[in-house]
Amino acid sequence: MSAASVIRLTSPCSLRHRALAVRLVAEACRLARDEQAPRDERSAGYDLHDPFDTALVSAFGEIYNNIVLHAYGRREDATIEIVIDVGPGSLTLEIRDTGIAFDLGAVPEPDLDALPEGGMGLHIARAMLDEVAYEPGPPNLWRLTKRHESASPPPSTR
Amino acid sequence: MPIDFSRTDQDDVSTLRIAGTLDVNTAPQLAPVIDKLVDDRRSRVVVDLSGLDLIDSSGVAALVALYKRSRVHGGQVTVTGARDQPLAIFKLLRMDRVFSA
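Let us look at the structure shown here. Fair warning: this is a prediction, and the values are worked out from it, not measured in the lab.

Another aspect to go through is the side chain of Asp97(A). Residue and element names in this part refer to chain A. Topologically, Asp97 is positioned in strand 3 (residues 90–97). Of the side chains with opposite charge, Arg75 comes closest to the buried, unpaired Asp97, at an N-O distance of 8.1 Å. There is a polar contact of 2.9 Å between the side chain of Asp97 and the backbone nitrogen of Gly99. In this view, Asp97 contacts Ile67, Ala71, Tyr72, Thr79, Pro139, Asn140 and Trp142; residues no more than four positions away in its chain are not counted.

Take a look at the structure:
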């Protein structure tokens, strides 16, 4: 098992830079699963067969959208800091922004029976990850964690 | 991979094939095609997602809008071929029960 490693990215925070950040998270997922190489190095598309990758990439994309659209209101001088802690069989994302903070606990769950056309992003993140934490700043801090199913559960805190 | 899409009509069925990524960046590109499908009052629309690699809530919203707006004139919208990440998102949002044929 390889030792934990940390990847950092500081980037402009805009929809133009979204794919760059999502791609980074997708590649970090492969590292966390200790996959030797992408299935097809030549493929420009995403290769999201593993539920672990699916969960993290989906959740990160939604949080990124929230930061660009709501925290920063599409401000052009916005930046985002992403720290990816690639542990053995798990991955933790810390995302920092200096936009407008909000109350995570006040965000309602969407009524899926009503076929909503909005308000689904946080639901996706919460449902797919093991941990979604938010600390208002500045900087605001999101902490997203997912453990791979084949990994041992963390020690009990009880 | 950015988005790639095409519409083909055969009799009263329109097939909308969407490949690549359908997200906050690419969903607006699809909007005119969806508008046209609704304006044409197609009785049946099949959305083929077998080439779709990645979707986000904005992409889901675009498909839900197509479904809701088509239903107003009695049109039926079904989704086929979803796999991997898009299928996981549809199941999580319980869209699979809405879009299944």
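Note that soluble globular proteins tend to have their nonpolar side chains buried in a common cluster. Formed by 76 residues in total, the largest nonpolar core has its most connected members in Leu91(A), Leu93(A), Ile95(A), Ile18(B) and Phe99(B). Counting residues per element, this core draws most heavily on helix 2 (residues 51–71) of chain A, which supplies 11 residues. Excluding residues that lie within four positions of it along the chain, Leu91(A) makes contacts with Ala28(A), Cys29(A), Ala32(A), Phe52(A), Leu56(A), Ile84(A), Asp85(A), Val86(A), Leu144(A), Thr145(A) and Lys146(A).

This brings us to the interface of chain B and chain A. Each partner contributes to the interface: chain B provides 26 residues, whereas chain A provides 27 residues. Regarding the contact of chain B and chain A, the summed buried area is about 2200 Å², with carbon and sulfur atoms giving 62% of it. Seen at the junction of chain B and chain A, the total is 5 salt bridges. For Arg94(B), the salt bridge is made with Asp113(A), and the minimal N-O distance between the two is 3.0 Å. Taken together, chain B and chain A are joined by 10 residue pairs in polar contact (both at pLDDT 80 or more). Secondary-structure elements contributing two or more residues to the side of chain B that touches chain A are strand 4 (52–55), helix 2 (57–72), helix 3 (84–92) and helix 4 (96–99) of chain B. Broken down by element, the residue count for the side of chain B that touches chain A peaks at 8 residues, all from helix 2 of chain B. Taken together, the residues of the side of chain B that touches chain A sort by class into 14 nonpolar, 5 polar and 7 charged.

Residue and element names in this part refer to chain A. It is at 8 Å that the axes of helix 2 and helix 3 (residues 121–128) come closest, and there the two elements cross at 150 degrees. Pair helix 2 / helix 3 crosses with left-handed handedness. Packed against helix 2, whose contacting residues are Thr54, Ala55, Ser58, Ala59, Glu62, Ile63 and Asn66, the element helix 3 presents Gly121, Leu122, Ile124, Ala125 and Met128 at the interface. Looking at the contact of helix 2 with helix 3 residue by residue, the classes come out as 7 nonpolar, 4 polar and 1 charged.

Right, let's talk about helix 2 of chain B for a bit. Residue and element names in this part refer to chain B. Helix length check: helix 2, at 16 residues, gives a terminal C-alpha distance of 22 Å against a target of 22 Å (1.5 Å per residue), a fit within 8%. When helix 2 is considered as a whole, its buried residues turn out to be Ser57, Gly59, Val60, Ala61, Ala62, Leu63, Val64, Ala65, Leu66, Tyr67 and Ser70. Its side-chain oxygen at 3.0 Å from the backbone nitrogen of Ser58, Asp56 defines the N-terminal cap of helix 2. After helix 2 finishes, the residue Gly74 shows a positive phi value of roughly 85 degrees.

All names here are of chain B. Note on placement: Asp9 falls in strand 1 (residues 4–10). Those residues in contact with Asp9 that sit more than four places away from it in its chain are Ser14 and Arg42. Separated by 2.8 Å, the side chains of Asp9 and Arg7 make a polar contact. At a separation of 2.7 Å, a polar atom in the side chain of Asp9 contacts the side chain of Ser14.

Once that is clear, we can look at the sheet that holds strand 2 (residues 79–87) of chain A. Hydrogen bonds between backbone groups are what pair the strands of a sheet, and the pairing can be parallel or antiparallel. Residues and elements named next belong to chain A. Read from one edge to the other, the open sheet built from 5 strands follows the order 1-2-3-5-4, with strand pairing classed as antiparallel. At either margin of the open sheet sits one strand with a lone partner, and together these are strand 1 (5–12) and strand 4 (131–135). Within the sheet, the average angular offset between the axes of one strand and its neighbour, ignoring direction, is 15 degrees. As paired strands, strand 2 and strand 3 are joined by 8 bridges and run antiparallel to one another.

Here the focus is the pairing of strand 2 (residues 13–22) of chain B. Residues in a regular strand point their side chains to alternate faces of the sheet. Residue and element names in this part refer to chain B. Counting buried residues along strand 2, 7 of its 10 residues qualify, which places the element largely inside the surrounding structure. Across 7 bridges, strand 1 lies against strand 2 in antiparallel orientation. When the sheet's bridge partners are listed, Asp9 is paired in strand 2 with Ser14. Here strand 1 hands over to strand 2 after 2 residues, with Asp11 in that stretch at a positive phi of 55 degrees. Of the pairings in the sheet, the one linking strand 2 to strand 3 (residues 44–48) comprises 5 bridges and is parallel in character. Across the sheet, the residue bridging to Arg17 is Asp48, located in strand 3. For the crossover that starts at strand 2, traverses helix 1 (residues 27–39) and ends in the parallel strand 3, the hand is right-handed. As paired elements, strand 2 and strand 4 share 3 bridges and run parallel to each other. By the bridge assignment for strand 4, Leu22 is matched with Ile55.

Definitions and limits used
Residues numbered from 1 in each chain as written. Chains lettered and ligands numbered in written order. Predicted model: local features only at pLDDT ≥ 70, side-chain atom pairs only at ≥ 80, totals over all residues. Heavy atoms only, no water. Helix = DSSP H or I, 4+ residues; strand = E, 2+ residues; numbered from the N terminus. Buried < 20%, exposed > 50% of the residue type's maximum accessible area, 1.4 Å probe, protein only. Lys, Arg positive; Asp, Glu negative; His and termini not counted. Salt bridge = Lys/Arg side-chain N within 4 Å of Asp/Glu carboxyl O. Polar contact = N/O pair within 3.5 Å; in protein donor to acceptor, adjacent residues only side chain to side chain. Contact = heavy atoms within 4.5 Å. Core = buried A, V, L, I, M, F, W, Y, C linked by side-chain atoms within 4.5 Å. Buried area = accessible area lost by both parts, 1.4 Å probe. Nonpolar A, V, L, I, M, F, W, Y, C, P; charged D, E, K, R; others polar. Axes fitted to C-alpha atoms, helices over the stretch in contact; angles between N-to-C directions. Left-handed = near helix turned anticlockwise from the far one by under 90°. Expected span 1.5 Å × (residues − 1). Pairing = 2+ DSSP bridges. Right-handed = clockwise from strand over helix to strand, strands pointing away.

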